[in-house]
Structure formats: C-alpha cells, structure tokens
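Listed here are the chains, written in short residue letters.
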Amino acid sequence: NEYLKTEKENVSFNCFDGKLNTKKDKINKFFDILKIYNPERIICFEPLPILAANRYRKEINNTAKLFLDVTEYYPHQNTLNEFKGITRFLKFVQLFLFNVYTSNLVDSVIVGENSKALLYKWIAPFKTKYIIGYFAQKKYFDFIKPILDQELTFCFLGEQSKERGFSSFLE
C-alpha cells in the first residue's frame with residue numbers, strides 16, 4: 001500500500017512509500033504532511049526531509065524548530081553499494097556535501113554517542129548538539145503509557161554512565 005493514514009493508541013500515522021516517488025515528490029509530500037499537522041518541533045532522521053521541514057518553517061511556521069537525529073552517518077554504506085570506483089567516490093562526495101548543507105539548516109543535531117558528534121562538530125560547528133543515548137526497542141517493555149495532556153514519558157535502558165549518555169539523557 002502506497003499510503004498509510006491511521007491512528008493507534010493516540011498516535012497519528014501518516015505515511016507513504018518513498019520508493020515510489022522521485023526525491024522532489026518526496027519533499028513535496030513531506031511538506032504537505034507537515035502542513036496538515038502544523039508541528040512546532042520536527043525531528044528528521046536523514047537529510048532529505050530536512051528540505052521539506054525547512055520549507056515548512058519558511059512558508060508556514062517560522063517558529064518551528066528543526067532537529068537532525070543522527071543514528072547512522074550519512075551517506076550510509078548501503079547508499080553507495082550500487083556504485084564502484086570513481087563513481088562511488090563522486091557519489092559519496094555529493095551525498096556528503098548534501099549532508100553538510102542540510103545539517104546547517106536545522107536548529108540542533110541529536111546524536112547517540114560522542115564519537116558521532118565529532119563529525120557534526122566539524123560540518124555544523126554553530127549548531128547545538130545534544131548527545132542522548134540510544135533507546136531500547138519497544139519489545140523490551142511490557143507497558144505502553146499513552147501521552148496524556150502535556151505528559152511525555154522517556155525510558156533509558158543500558159549502562160547508566162556518562163560515557164553511554166545517561167547524564168545527557170537526564171538533562
């Protein structure tokens with residue numbers, strides 16, 4: 001199914017299959033979805049949606065805050081698998097520069113560990129960086145507490161040390 005629009009446990013899902021669209025179409029669809037929900041905070045997990053979020057901020061809501069949540073370096077290794085030799089290198093440079101550009105459009109960068117923050121300290125030096133340790137998968141919890149009113153629940157699983165981001169999580 002190309003589209004999924006539903007609500008489950010007070011969470012709205014508005015999804016589309018990006019494989020069926022050009023990059024321009026994806027950006028436009030992201031932008032249209034943002035207009036529907038009119039968010040104050042937008043967290044992007046890769047560079048492309050940042051273009052839609054930045055357009056939304058410019059055209060619709062200039063107070064919206066944009067975040068890049070880095071779970072993997074971009075470009076991902078699998079992004080380059082289809083290329084070989086000099087073509088692979090040129091594609092890497094193109095995507096890396098795109099990452100530099102989009103990283104500087106956001107207000108803040110969220111990373112899960114200090115080592116990943118190093119790249120963004122270099123390519124987006126004036127952006128605020130938040131180091132928040134990685135979170136456990138939902139399957140490790142036997143409860144789901146819905147978000148009611150302004151309440152928001154965060155969980156931390158793992159070693160409770162500064163190196164693993166526990167103090168950043170508490171902050």
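Numbering of residues starts from 1 in each chain and follows the order in which that chain's sequence is written. Local features are withheld for residues below a pLDDT of 70 in this predicted model, meaning they are given only at 70 or higher, and side-chain atom pairs are given and counted only at 80 or more; totals for whole chains, interfaces and linings count all residues. Hydrogens and water are ignored here; the side-chain numbers use all heavy atoms of the structure.

Caption draft 1: Region of interest: helix α4 (residues 85–103). Strands are runs of DSSP state E lasting at least two residues, helices are runs of H or I lasting at least four, and both sets are numbered from the N terminus onward. Every helix has an expected span of 1.5 Å times one less than the residues it contains. Here α4 spans 27 Å end to end across 19 residues, near enough to the 27 Å set by a 1.5 Å rise per residue. Only protein chains enter the accessibility calculation, which uses a 1.4 Å probe; a residue whose area is less than 20% of its type maximum is buried, one above 50% is exposed, and one in between is partly exposed. Listing the buried residues of α4 in full gives Leu95, Phe96, Asn99, Thr102 and Ser103. Buried residues of α4, viewed axially, fall in a sector of 125 degrees; they line one side. In this structure, α4 carries Ile86, Leu90 and Leu97 as exposed residues pointing more than 90 degrees from its buried face. Residue contacts are counted whenever heavy atoms from the two residues lie within 4.5 Å of one another. Buried residues belonging to α4 abut α2 (47–59), β4 (65–70), α3 (77–80) and α5 (114–123). This arc is taken over the directions from the axis of the helix to the C-beta atoms.

Caption draft 2: How the structure looks around the packing of aromatic side chains. Any pair of Phe, Tyr and Trp rings, taking the six-membered ring for Trp, is counted once the centres come within 6.5 Å. Such a pair is stacked with planes under 30 degrees apart, edge-to-face with planes over 60 apart, and tilted for the rest. For the structure shown, the criterion picks out two aromatic pairs. Pairing Phe92 with Phe96 gives two aromatic rings, centres 5.9 Å apart and planes at 20 degrees, and the pair type is stacked. Of this pair, Phe92 and Phe96 both sit in helix α4, four residues apart, roughly one helical turn. Aromatic rings pair up to connect Phe92, Phe96 and Trp122 into one cluster. By the criterion adopted, a ring carries a charge over it if an Arg CZ or a Lys NZ lies within 6 Å of its centre and within 35 degrees of its normal. If you follow Arg55 out to its NZ or CZ, it ends over the ring of Phe31, 3.7 Å from the centre.

Caption draft 3: Layout of the pairing of strand β1 (residues 3–8). In terms of burial, β1 is largely open, as just zero of its six residues are buried. Criterion used throughout: strands pair if DSSP finds at least two bridges between them. The turn joining β1 and strand β2 (residues 11–16), which pair antiparallel and follow one another in sequence, is formed by two residues; a positive phi near 50 degrees is taken by Glu9.

Caption draft 4: Spatial organisation of the pairing of strand β6 (residues 128–131). Where strand β5 (residues 108–111) lies against β6, four bridges are found, and the strand directions are parallel. Residue pairing for β6: Ser108 is matched across the bridge by Thr128. The parallel pair β5 and β6, bridged by α5, forms a crossover whose chirality is right-handed. Assignment of crossover handedness uses the view with strands pointing away from the viewer, where a clockwise path from the first strand over the helix to the second indicates a right-handed crossover.

Caption draft 5: Spatial organisation of the side chain of Asn99. If you trace the backbone, Asn99 turns up in helix α4. Setting aside its immediate chain neighbours within four residues, Asn99 contacts Pro47, Leu68, Tyr74, Tyr120 and Ile123.

Caption draft 6: Spatial organisation of the side chain of Asn54. Note that Asn54 resides in helix α2. Discounting residues that sit within four places of it in the chain, Asn54 has contacts with Leu66 and Leu105.

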